[in-house]
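# Fold and contact review
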Protein chains: 2
Amino acid sequence: MVIGIDAMGGDNAPSEVVEGIVEAQTAIQEGDIITLIGNEPLIREHLDGYTYSEDKINIVHAPEVIAMDDQPTRAFSAKPRSSISVGFRLLKEGKLDTFASAGNTGAMLVGSVYEIGVIKGLIRPTTAALVPKENSGYSVLLDVGTNPDVKPDVMNQFAFLGSLFAEFFLRTQNPKVGLLNIGSEDKKGNILCQSTFPLLKQNDEINFIGNVEGHDIFNGKADVIVCDGYTGNIVLKQLEAFYEVMAKRQADDPFIERLNFENHGATPVIGINKPVLIAHGISKAKAFKNMVVNSAHLARSGLNEIIRQKLAENIGL
Amino acid sequence: MVIGIDAMGGDNAPSEVVEGIVEAQTAIQEGDIITLIGNEPLIREHLDGYTYSEDKINIVHAPEVIAMDDQPTRAFSAKPRSSISVGFRLLKEGKLDTFASAGNTGAMLVGSVYEIGVIKGLIRPTTAALVPKENSGYSVLLDVGTNPDVKPDVMNQFAFLGSLFAEFFLRTQNPKVGLLNIGSEDKKGNILCQSTFPLLKQNDEINFIGNVEGHDIFNGKADVIVCDGYTGNIVLKQLEAFYEVMAKRQADDPFIERLNFENHGATPVIGINKPVLIAHGISKAKAFKNMVVNSAHLARSGLNEIIRQKLAENIGL
């Protein structure tokens, strides 16, 4: 398996990327290769400070960089030799099995949709995040910002995608799917939730348990929490804010530590033809190490192919 | 000042209400009176266990109760002798200066709108919550659930109302108003935020600082955080979920303790003609004590009259 990582992505590239990738050497399976994509001389300069195996880490030169504030669509085509553009090309050609970056999120979505393509039958791809359950394990929260405005049929597809992600990535059996809402009764909520609820109830592909509320986010009532991307993004960032506050206060608590986004490393783009992961611009070495681990785990889960097969069966979504 | 409290409201009424009200005796100003509204024999039975001053606590008999699951509009008129209906009538007649309950929220809103009335010029009343800033003080978050679907002009009024609430209730000078969004740039967000942003920018009544994100919820970037009621409710309940998780883990941290909703006791209904506060159904004695304190503080702040005066000046909102 070849795990592609954008060496130039994020506020701390390439130094933290390289540090994390070196650490990841011991965490990948025998025969796996990490391909770093970016400015080769610069990457080598950073790699030289570490002990690493040439069998496990190689470099593909990409002299351009899509900056964090570049306009995504324009930059993607205007900078064909950028690390992100090269990464997607290699993924498309099968020279990578998975590609991940902490760089320009918009450009990563452009590449996901236009180079790799949305799985046939889906209206929109989505991004998901892992939310720690109070006692152990994680729930899947989606969408977390890719789709700020959505219609009920898209929400219904999110539920389907999140359920498969929970099943095949997190290995949660028969995951319970909840609709994030502001009341527990069936007809509660905003117009979007009121219209989505009956679709989820009729969806035979998921184990829908009804509405969940803000106070259910950590209690494990649902394994998959479905919402629009505006709401999910705010929930996710509030969770991170809480972590930041508590980390600054040196709270020594395993639950707090599990809120740290660096544990996950990256968020998958779900609903496209190949495994792609997006990470926080502020990622550091620990996050990059886990980005590698989760990239390999996502690719080995076969999630993309499973979604494709399910949708090919004409399940009415 | 006469502070009206629904003795029958909430899951723990009347025992916890009575306990909290007895504790509140020492926290109110000289001459203030707490009027408990509800089943008088039952209230007396609970009061008998405590030492209290008849000058500070009196009772108005209301033999009926609007249950938590009663249909609000129907219950309000079908149970004219319920504690909530009687409370609103007394408030309207000027026999109370303020009225608060932990009972049926819908019925409290029905009373607020139909008995007390929305201030002329406002499209919708709103409910706000206090969110602790990391270091000290509180931000105002609104709407927190009363208006799950709103239009930009309503959001603009929320900003105005929240700003006045921060200024006159929290005594925050020139409060910074932020729009809760999923990016910091002006044009980011969902359609509602994109359409609301220019209205807030043009609103001369507020000190608009632009977008704030989920990770800004505790950092004090904004003193007033404006969002639709669906989002605000989820943010508020997620915050309460953090508190619950950490309290269970016996976290000993002042920031965590400041997340405890019981410190505030109740949430004001902003934009109606008289002071009304709504509390959690699960409120206990501490929350009821603070409900009394904050009812008096809200009434003394003159907020309702200030909003009325401002809107009478034809400020173009």
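Counting restarts for each chain, with residues numbered from 1 along the sequence as it is written. Chains carry letters from A onward and ligands carry numbers from 1 onward, assigned in written order. Thresholds applied to this predicted model are a pLDDT of at least 70 for local features of residues and 80 or more for the giving and counting of side-chain atom pairs; totals over whole chains, interfaces and linings are not thresholded and use all residues. Each side-chain value is worked out from all heavy atoms of the structure, with water and hydrogens disregarded.

### Re the pattern of salt bridges
All names here are of chain B. Whenever a carboxyl oxygen of Asp or Glu lies within 4 Å of a side-chain nitrogen of Lys or Arg, that contact is scored as a salt bridge. Summed over the entire model, instances satisfying the criterion amount to 26 salt bridges over all chains. Arg44 is the partner of Glu40 in a salt bridge, and the nearest nitrogen-oxygen pair spans 3.1 Å. Of this pair, Glu40 and Arg44 both sit in helix H2 (residues 40-47), four residues apart, which is roughly one turn of that helix. The partly exposed category is assigned to Glu40, whose relative accessible area is 24%. Relative accessible area decides the class of each residue, using a 1.4 Å probe on protein chains only: under 20% of the type maximum gives buried, over 50% gives exposed, and in between gives partly exposed. A relative accessible area of 30% places Arg44 in the partly exposed class. By definition, any uninterrupted DSSP run of H or I lasting at least four residues is a helix, any uninterrupted run of E lasting at least two residues is a strand, and each is numbered from the N terminus.

### Some points on the interface of chain B and chain A
By a widespread convention, an interface's size corresponds to the accessible area lost as its parts come together. Contacts: residue pairs with any heavy atoms within 4.5 Å of one another. Taken together, the contact pairs 37 residues of chain B with 37 residues of chain A. Note on definitions: buried area is the accessible-area loss of two parts on being combined, 1.4 Å probe, summed for both. Of the roughly 3400 Å² buried where chain B meets chain A, counting both sides, 64% is carbon and sulfur surface. The largest contributions to the chain B side of the interface with chain A come from Ile182, Tyr230 and Gln238 of chain B, which together make up 21% of the buried area. For the pair chain B and chain A, the number of links is six salt bridges. A 3.5 Å cut-off defines polar contacts: any pair of N or O atoms within that distance qualifies, except that in protein one atom must be a possible hydrogen donor and the other a possible acceptor, and neighbouring residues in sequence count only when both atoms are side-chain atoms. At the junction of chain B with chain A, the criterion picks out twelve residue pairs in polar contact (both at pLDDT 80 or more). Every element with two or more residues in the side of chain B that touches chain A is listed here: helix H7 (191-202), helix H8 (229-248) and helix H9 (254-258) of chain B. Element by element, the count of residues in the side of chain B that touches chain A is highest for H8 of chain B, at 13 residues. In terms of residue class, the side of chain B that touches chain A is built from 20 nonpolar, nine polar and eight charged. By the convention adopted, Pro, Cys, Tyr, Trp, Phe, Met, Ile, Leu, Val and Ala count as nonpolar, Lys, Arg, Asp and Glu as charged, and the other residues, Gly among them, as polar.

### Side note on the sheet that holds strand S1 (residues 2-6) of chain B
Sheet strands associate in pairs through backbone hydrogen bonding, adopting either a parallel or an antiparallel arrangement. Residue and element names in this part refer to chain B. Taken together, eleven strands build an open sheet; the order of strands is S3-S2-S1-S4-S11-S10-S5-S6-S9-S7-S8 and the sheet is mixed. The sheet is open, and its two edges are formed by strand S3 (57-61) and strand S8 (207-212), each paired on a single side. In this sheet, adjacent strand axes meet at a mean angle of 30° when their direction is disregarded. When strand S5 (residues 126-132) meets strand S6 (residues 138-142), the two strands line up antiparallel, connected through five bridges. Residue Ala128 lies in a different strand from S6, and its bridge partner there is Leu142. The axes are straight lines fitted to the C-alpha atoms, using for helices just the contacting stretch, and the angles between their N-to-C directions are given from 0 to 180°. Helix H1 (residues 15-24) rests against S1, strand S2 (33-38) and S3 of the sheet, and its axis sits at about 170° to S2. Strands strand S4 (98-101), strand S10 (267-270) and strand S11 (276-278) of the sheet are contacted by helix H5 (residues 105-116), whose axis makes an angle of about 165° with S11. The pairing criterion for strands is at least two bridges between them, as found by DSSP.

### Comments concerning helix H1 (residues 15-24) of chain A
All names here are of chain A. Counted residue by residue, H1 has seven buried out of ten residues, so it is predominantly covered. The complete set of buried residues in H1 reads Glu16, Val17, Val18, Gly20, Ile21, Val22 and Ala24. Contact partners of the buried residues in H1: strand S1 (2-6), strand S2 (33-38), helix H2 (40-47), strand S3 (57-61) and helix H10 (285-301).

### Quick word on the environment of Asn273 of chain A
All names here are of chain A. With respect to the helices and strands, the residue Asn273 is situated in the loop between strand S10 (267-270) and strand S11 (276-278). For the pair Asn273 and Ile84, spaced 189 residues apart in the sequence, the C-alpha separation amounts to 17 Å. Those residues within four positions of Asn273 in sequence are excluded, and the remaining contacts are Ile116, Gly117, Val118, Ile119, Asn304 and Arg308. A distance of 3.1 Å separates the side chain of Asn273 from the backbone oxygen of Ile116, its partner in a polar contact. Of the polar contacts made by the side chain of Asn273, one reaches the side chain of Arg308; its length is 2.7 Å.

### Considerations on the nonpolar core
Buried Ala, Val, Leu, Ile, Met, Phe, Trp, Tyr and Cys residues that are joined via side-chain atoms within 4.5 Å together make up what is termed a nonpolar core. Core analysis: the largest hydrophobic core is formed by 168 residues, its most contacted members being Ile5, Phe218, Phe242 and Ile307 of chain A together with Ile5, Phe218 and Ile307 of chain B. Those residues in contact with Ile5 of chain A that sit more than four places away from it in its chain are Val17, Ile21, Ile34, Thr35, Leu36, Ile37, Phe99, Ala100, Met291, Val292 and Ser295 of chain A. Leu90, Leu96, Met108 and Val269 of chain A belong to the second-largest nonpolar core, a separate cluster that totals 22 residues.

### As for the packing of H1 of chain A against H2 of chain A
Residues and elements named next belong to chain A. Here H1 crosses H2 at 55°, and the two axes come no closer than 9 Å. As judged from the angle between their axes, H1 and H2 are oblique. H2 is crossed by H1, and the crossing has right-handed handedness. The segment H1 lies against H2, with Ser15, Val18 and Val22 engaging Ile43, His46 and Leu47. Note on terminology: angles under 35 degrees are roughly parallel, angles over 145 are roughly antiparallel, angles of 65 to 115 are roughly perpendicular, and the others are oblique. Each helix crossing is assigned a hand: it is left-handed if the near helix lies turned anticlockwise from the far helix by less than a right angle, otherwise right-handed if that turn is clockwise.

All quantities given are derived from atomic positions and should not be read as evidence of function.
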